[in-house]
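# A closer look at the structure
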Amino acid sequence: MTTKRTLIVDDEPDIRELMEITLGRMNIETAAAADLGHAMDLLGGSQSFDLCLTDMHLPDGNGLELVRHINDNHPDLPVAMITAFGSVDTAISALKAGAFDYLQKPIDLDQLRSLVETALRVSDAPNNEPASASPLKGDSPPMQELRNQIAKLARSQAPIYISGESGSGKEVAARQIHELGPRSSGPFVPVNCGAIPSELMESEFFGHVKGSFTGAVADKGGLFQAANGGTLFLDEVADLPLSMQVKLLRAIQEKAIRPVGSQSETATEVRVLSATHKDLAQEVAEERFRQDLYYRLNVIELRIPSLRDHADDIAGLATTILARLADEYDGNLPKISSAALQSLTRYDFPGNIRELENVLERAFTLCDNEQIQPDDLQLDLPAQAATTPRPKPADGLDATDREAADVDADTASLPAGQNIEDYLESIERTLIVRALKATRWNKTAAAKELGISSPALRYKLKKLDLE
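Computed from a predicted model, the values in this text were never measured in an experiment. (Residues numbered from 1 in each chain as written. Predicted model: local features only at pLDDT ≥ 70, side-chain atom pairs only at ≥ 80, totals over all residues. Heavy atoms only, no water.)

If you tally the helices and strands in the chain, you get 20 helices and 16 strands. Split into buried and exposed, the 467 residues of the chain put 45% on the buried side. Roughly 23700 Å² of accessible area belongs to the chain as shown, and the carbon and sulfur atoms make up 48% of that amount. (Helix = DSSP H or I, 4+ residues; strand = E, 2+ residues; numbered from the N terminus. Buried < 20%, exposed > 50% of the residue type's maximum accessible area, 1.4 Å probe, protein only. Areas by Shrake-Rupley, 256 points an atom, 1.4 Å probe, with all protein chains shown as cover.)

Before going further, it helps to spend a moment on the sheet that holds strand β3 (residues 51-55). Overall, parallel pairing links the 5 strands, which are arranged β2-β1-β3-β6-β7 in an open sheet. Each edge of the sheet is formed by a strand with only one pairing partner; in this case those strands are β2 (29-33) and β7 (101-104). Neighbour-to-neighbour, the strand axes of this sheet turn through a mean angle of 20 degrees, independent of strand direction. In terms of strand pairing, strand β6 (residues 79-83) meets β7 through 4 bridges, oriented parallel. Bridging across to β7, Thr-83 finds its partner in Gln-104. Across the sheet, helix α5 (residues 109-124) is in contact with β3, β6 and β7; its angle to β3 comes to roughly 140 degrees. (Pairing = 2+ DSSP bridges. Axes fitted to C-alpha atoms, helices over the stretch in contact; angles between N-to-C directions. Contact = heavy atoms within 4.5 Å.)

Okay, a nonpolar patch on the surface next. Residues Ile-420, Leu-424, Ile-427 and Leu-431 make up a contiguous nonpolar surface patch of about 340 Å² in total accessible area. Assignment of secondary structure puts Leu-431 in helix α18 (residues 420-438). (Patch = residues over 30% accessible without salt bridge, like charges linked within 9 Å, V, L, I, M, F, W, Y side chains within 5 Å. Salt bridge = Lys/Arg side-chain N within 4 Å of Asp/Glu carboxyl O.)

This brings us to the packing of helix α1 (residues 13-24) against α5. Contact pair α1 / α5: the axes reach a minimum separation of 11 Å and the direction vectors enclose 60 degrees. As judged from the angle between their axes, α1 and α5 are oblique. Between α1 and α5 lies a crossing whose hand is right-handed. For the pair α1 and α5, contact is made by Leu-18, Met-19, Thr-22 and Leu-23 and by Leu-109, Leu-112, Arg-113 and Val-116, respectively. Of the residues in the contact of α1 with α5, the class split is 6 nonpolar, 1 polar and 1 charged. (Parallel < 35°, antiparallel > 145°, perpendicular 65-115°, else oblique. Left-handed = near helix turned anticlockwise from the far one by under 90°. Nonpolar A, V, L, I, M, F, W, Y, C, P; charged D, E, K, R; others polar.)

Another point: unusual backbone geometry. Cis geometry is found at the peptide bond from Lys-105 to Pro-106, where omega equals -5 degrees. Inspection of the secondary structure puts Pro-106 in the loop between β7 and α5. The phi dihedral of Asn-27 is positive, around 60 degrees, even though this residue is not glycine. Tracing the backbone through its elements, the reader meets Asn-27 in the loop between α1 and β2. The exposed category is assigned to Asn-27, whose relative accessible area is 66%. A positive phi is found at Lys-255, a non-glycine position, where the angle reads about 55 degrees. Position of Lys-255 relative to the elements: it lies in the loop between α10 (242-254) and β11 (256-257). Under the relative-accessibility criterion, Lys-255 is labelled buried at 14%.

This next bit is on the side chain of Thr-276. Its place among the elements puts Thr-276 in strand β13 (residues 271-276). Classification of Thr-276 as buried rests on a relative accessible area of 0%. Side-chain polar atoms of Thr-276 contact the side chain of Glu-236, separated by 3.2 Å. A polar contact of 3.1 Å, which involves the side chain of Thr-276, links it to the backbone nitrogen of Lys-278. In contact with Thr-276, not counting residues within four places along its chain, are Tyr-161, Ile-162, Ser-163, Gly-164, Lys-170, Glu-236, Val-237 and Ala-238. (Polar contact = N/O pair within 3.5 Å; in protein donor to acceptor, adjacent residues only side chain to side chain.)

The next point concerns the sheet that holds strand β8 (residues 160-163). A sheet is described by the order of its strands in space; here 5 strands give the open sequence β9-β10-β13-β8-β14, paired in parallel fashion. Two strands lie at the open edges of the sheet, namely β9 (188-192) and β14 (300-303), each paired on one side alone. On average, each strand axis in the sheet is tilted by 20 degrees relative to the strand beside it, whichever way the strands run. Here β8 pairs with β13 via 4 bridges, running parallel. Bridge assignment links Tyr-161 to a residue of β13, and that residue is Ser-274. Helix α7 (residues 170-180) contacts β8, β9, β10 (231-235), β13 and β14 of the sheet and is inclined by roughly 155 degrees relative to β9.

Of the positions making up helix α4 (residues 88-97), those classed as buried are Val-88, Ala-91, Ile-92, Ala-94, Leu-95 and Ala-97. Where the residues of α4 are buried, they touch α3 (63-73), β6, β7, α10 and α12 (291-297). Looking one or two places after α4, you find Gly-98, whose phi comes out positive at around 120 degrees.

A word on the nonpolar core. The biggest cluster of nonpolar side chains holds 30 residues, and the ones touching the most others in it are Phe-205, Phe-224, Leu-232, Leu-234, Leu-240 and Phe-289. Looking at this core, the elements that each hand over two or more residues are β9, α8 (201-206), α9 (223-226), β10, α10, α11 (280-285) and α12. At 5 residues, α10 tops the list of elements feeding residues into this core. Those residues within four positions of Leu-234 in sequence are excluded, and the remaining contacts are Val-191, Cys-193, Phe-205, Leu-248, Val-272, Leu-273, Ser-274 and Ala-275. Counting residues in hydrophobic clusters, the runner-up holds 29 residues, among them Val-9, Val-67, Ala-99 and Tyr-102. (Core = buried A, V, L, I, M, F, W, Y, C linked by side-chain atoms within 4.5 Å.)

Per-residue confidence for the chain averages 86 on the pLDDT scale, and 89% of its residues sit at or above 70. Every residue in residues 384-407 scores below 50 in pLDDT, and together they form 25 contacts with partners more than four places removed in sequence or on other chains. (pLDDT = per-residue confidence, 0-100.)

Moving on, we get to the side chain of Glu-236. Position of Glu-236 among the secondary structure elements: in the loop between β10 and α10. Beyond its immediate chain neighbours, meaning those up to four positions away, Glu-236 contacts Asn-192, Cys-193, Gly-194, Ala-275, Thr-276 and His-277.

Below is the structure:
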């Protein structure tokens, strides 16, 4: 195994010695510099380094200059900034300048060792991920740029704010950042901030100790502890109440959390990614989101393009989605007619990729003869959108006409205590079971009896838990 080398830059001899001893015990070679000039000379010499640790304040300059120099001339070398306690603005500036991470004085040796181990994994990691291996599919320039950005951001530990419309793939991007980064062997913990009751939020995030409140019968770890050594993804972060925003800010800044009822803090090593479909800057302007937390989360912003911004990818995405559905439902892969594909490309998709998946799943179940037509998509298209009329049955009624003819709106009513979804589902379940029994559980025959395609029946069996 090749011995790793770290460059330590600090004008305080005792700090340099402390870090040299600590890294030496980790079998890491070190070289030390007391000022910016000496550090530049060592970087330009014959020795190569796997990591640089630099103080912010140096006799002949500052650490930000060194960070920028390394990013320009040694882009594969991770550099971490050492800052004074509470110098949050300095830490953010370092991360924005390209620092891998930061460490606060007085130096916590456990945090130092963890940072070094993580940084060295970055140094060993390949620079690029093949596009074919990414779950973010598409050959359009916006998607190629997105994958390139993710590959770069994965190598940092800076907090990233992922912006984009609902359904555009923000969690997919967050998971990809995690999987391509040095924390990939650790947990990826996604949490929907809007789904946690406000009275349970502090306990959910930070954990609690036994007896801290009614019902706390044992110590329980929170989301930060669950994500320790990995990544915590805060989805819909704009939904956090202001009281929780203050506590989250402290946890991120100090890299430590205090469980509910505990008298001491616990250090955590977590990379925080966040996202929301809301305009977070507007939330700050309207005082619904703390500005200091916004700046702490939004060190780097990653924008996920909406589907209409890369509509050229729709055809390829549709093929991929349908292939997955065919495999999932054990059916044949249907073809998309040219008219249906034109309808897809003309549609705005306000729900983005998620809506495309839902539209195609519905079309997969509705289509006849394994051919998806525009009507199967059920899109609310502009009047000029091209459509191909579906042939009507011999009785002259399509499905909608027949449903209208069979139901008497004046006499139809819901049974007491039931909502319409449950009522219709119970009817659907009864008819399907009846058809299966009549055909001795021959699914193909049952589908014909019900007047639906075999994939549609398989979909309904799975949805109704009848398999």
